[in-house]
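Examination of the molecular architecture
Single-letter residue listing:
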Amino acid sequence: QMHLVESGGGLVQPGGSLRLSCAASGRTFSTFAMGWFRQAPGKEREFVAAISWRGGRTYYADSVKGRFTISKDNVQNTVYLQMNSLKPEDTAVYYCAATDNSGSYVYTSLAYDYWGRGTQVTVSS
């Protein structure tokens, strides 16, 4: 079992940057991939980015590709989401997730077994 805690959310102006962190604790050695999802008011939770834990392969939603970068620190058991050129439509609660299933399809929330409680990101002038 893993415990995930997100941090780094806040209020930022359009065009600004923000870096989210997700610290994992507990049973982390079997992790296959970790990802970021977001959910805006009235909308369904959507995929943002993911990274395979051992190989470091990255995956991005088209809406954030070129603006967001996911990275990880295996030693610190932490995944990051660097968000640049932020837009108002990026406003949402951002959730960190993890899966230990090597056959997982990382684009869907159904693939993930562990979730953080989320951190609010608000992009507004």
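Residues numbered from 1 in each chain as written. Predicted model: local features only at pLDDT ≥ 70, side-chain atom pairs only at ≥ 80, totals over all residues. Heavy atoms only, no water.

1. Quick notes on the side chain of T31
- Note that T31 resides in the loop between β3 (18-26) and β4 (33-39).
- Leave out the neighbours within four places in its chain, and T31 touches M2, W53, T99 and D100. (Helix = DSSP H or I, 4+ residues; strand = E, 2+ residues; numbered from the N terminus. Contact = heavy atoms within 4.5 Å.)

2. Some points on the nonpolar core
- Counting residues in hydrophobic clusters, the biggest one holds 39 residues, and the most contacted among them are L4, M34, W36, V79, L81, M83 and Y94.
- Not counting residues within four places of it along the chain, the set of residues in contact with L81 comprises L18, R19, L20, W36, V48, A49, F68, T69, I70 and Y94. (Core = buried A, V, L, I, M, F, W, Y, C linked by side-chain atoms within 4.5 Å. Buried < 20%, exposed > 50% of the residue type's maximum accessible area, 1.4 Å probe, protein only.)

3. Remarks on the packing of aromatic side chains
- By the definition in use, this model includes 7 aromatic pairs.
- For the pair F37 and Y112, a centre-to-centre distance of 5.2 Å together with 80° between the ring planes defines the contact as edge-to-face. Highlighted residues: F37 in strand β4 and Y112 in the loop between β9 (92-99) and β10 (114-115), separated in sequence by 75 residues.
- Using a relative accessible area of 5% as the deciding quantity, one classes Y112 as buried.
- Following the ring pairs from residue to residue traces out a cluster consisting of F37, F47, Y59, Y105, Y107, Y112 and W115.
- Lying over the aromatic face of Y80, R19 brings its terminal NZ or CZ to 4.0 Å of the ring centre. (Phe/Tyr/Trp six-rings, centres within 6.5 Å; stacked < 30°, edge-to-face > 60°. Lys NZ or Arg CZ within 6 Å of the ring centre and 35° of its normal.)

4. What to know about the pattern of salt bridges
- Taken as a whole and assessed by the stated rule, the structure comprises 4 salt bridges.
- One salt bridge connects E46 with R38, and the closest N-O pair in it is separated by 2.7 Å.
- Two residues, D90 and R38, come together in a salt bridge whose shortest N-O distance is 2.9 Å. One end of the pair, D90, is in the loop between β8 (78-83) and β9; the other, R38, is in strand β4, with 52 residues separating them in the sequence.
- In this structure D90 comes out as buried when scored by relative accessible area, which is 1%.
- Connected through salt bridges with shared partners, the residues R38, E46, R67 and D90 form a single ionic network. (Salt bridge = Lys/Arg side-chain N within 4 Å of Asp/Glu carboxyl O.)

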